[in-house]
Amino acid sequence: NAGVTQTPKFQVLKTGQSMTLQCAQDMNHEYMSWYRQDPGMGLRLIHYSVGAGITDQGEVPNGYNVSRSTTEDFPLRLLSAAPSQTSVYFCASSYYPIGGYEQYFGPGTRLTVT
Amino acid sequence: AQSVTQLDSQVPVFEEAPVELRCNYSSSVSVYLFWYVQYPNQGLQLLLKYLSGSTLVKGINGFEAEFNKSQTSFHLRKPSVHISDTAEYFCAVSEAQGAQKLVFGQGTRLTINP
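These notes cover the structure that comes with them. Keep in mind that this is a model prediction, so the values were computed, not measured.

Examining unusual backbone geometry
Here is step 1: With an omega of -5°, the peptide bond between Thr7(A) and Pro8(A) qualifies as cis.
Here is step 2: Examined against the element boundaries, Pro8(A) turns out to sit in the loop between β1 (4–7) and β2 (10–13).
Here is step 3: A positive phi is found at Glu16(B), a non-glycine position, where the angle reads about 75°.
Here is step 4: Take Glu16(B): it is sitting in the loop between β2 (10–14) and β3 (19–21).

Next up, the structure:
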């Protein structure tokens with residue numbers, strides 16, 4: 001049982017490049033989400049999904065796209081990277097729809113945009 | 001909408017001393033409350049949570065937290081800290097009804113000095 005896995009661990013992009021951050025979970029969780037972590041700001045929700053084919057925006061969605069074609073995978077796409085997207089990105093998953101369950105976090109992807 | 005304020009960005013304490021990390025929240029609806037811990041270069045893991053019932057909740061590694069509805073607080077405490085407790089601690093809130101979206105505080109960095 002690997003839990004939540006994220007690839008890559010580190011990435012450096014130039015402004016304007018695009019890339020996809022991968023996230024997968026093997027716990028059959030319906031709820032998956034992406035957060036970004038910036039110093040002094042905690043974690044902020046980018047996008048989330050409550051099941052395959054269903055996604056919605058979080059607090060800071062601009063510049064990011066998501067899709068959910070399977071229960072296991074929830075990739076995050078940066079369309080045209082900007083220096084403001086330099087951050088640590090975390091994927092998380094949880095049971096749904098009953099609230100209050102623990103969210104399981106991946107190890108994170110550290111992204112630098114130059 | 002919910003918001004979370006962690007009142008201290010950094011807390012230095014000596015080993016074996018008690019510690020309290022403060023968290024206040026704001027919400028117009030019923031909420032669930034969580035404390036997560038992030039060890040250096042790792043993802044987040046759940047310390048404890050309050051859903052309902054007893055206002056004093058116990059978590060892993062000897063931590064406990066008390067929910068105070070009148071003061072809208074959920075402070076985290078440990079009677080005697082260890083060097084291994086050095087980490088960043090995040091308070092988070094989610095609506096009791098609906099999706100699992102978490103709103104995080106800014107984080108408190110706990111540093112244990114020998």
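So, the environment of Ala82(A)
All names here are of chain A.
Here is step 1: Tracing the sequence through the fold places Ala82 in the loop between β8 (76–78) and β9 (87–94).
Here is step 2: Overall, the relative accessible area of 25% leaves Ala82 in the partly exposed class.
Here is step 3: In this structure the C-alpha to C-alpha distance between Ala82 and Thr112, which are 30 residues apart in sequence, comes to 9.3 Å.

Notes on the side chain of Ser33(A)
Residues and elements named next belong to chain A.
Here is step 1: Inspection of the secondary structure puts Ser33 in strand β4 (residues 31–37).
Here is step 2: A residue is classified by how much of its surface remains accessible, and Ser33, at 0% relative accessible area, is buried.
Here is step 3: With near-sequence residues (within four places) excluded, Ser33 lies in contact with Leu45, His47, Tyr48, Phe74, Phe90, Cys91, Ala92 and Gln103.

So, how was this worked out
- Here the residue numbering is sequential within each chain, running from 1 through the sequence in written order.
- Written order decides the labels, with chains lettered from A and ligands numbered from 1.
- Two thresholds apply to this predicted model, a pLDDT of at least 70 for residue-level local features and 80 or more for giving and counting side-chain atom pairs, whereas whole-chain, interface and lining totals are computed over all residues.
- As a rule here, side-chain values come from all non-hydrogen atoms in the structure, and water together with hydrogens is ignored.
- The helix and strand labels rest on DSSP assignments: H or I over at least four residues marks a helix, E over at least two residues marks a strand, and numbering proceeds from the N terminus.
- A simple rule labels every residue: compare its accessible area, found with a 1.4 Å probe on the protein chains alone, to the largest value its type can have, and call it buried under 20%, exposed over 50%, or partly exposed in between.
- Note on contacts: a residue pair is in contact if any heavy atoms of the two residues lie within 4.5 Å.

Without other data, these values stay purely geometric and don't point to any function.
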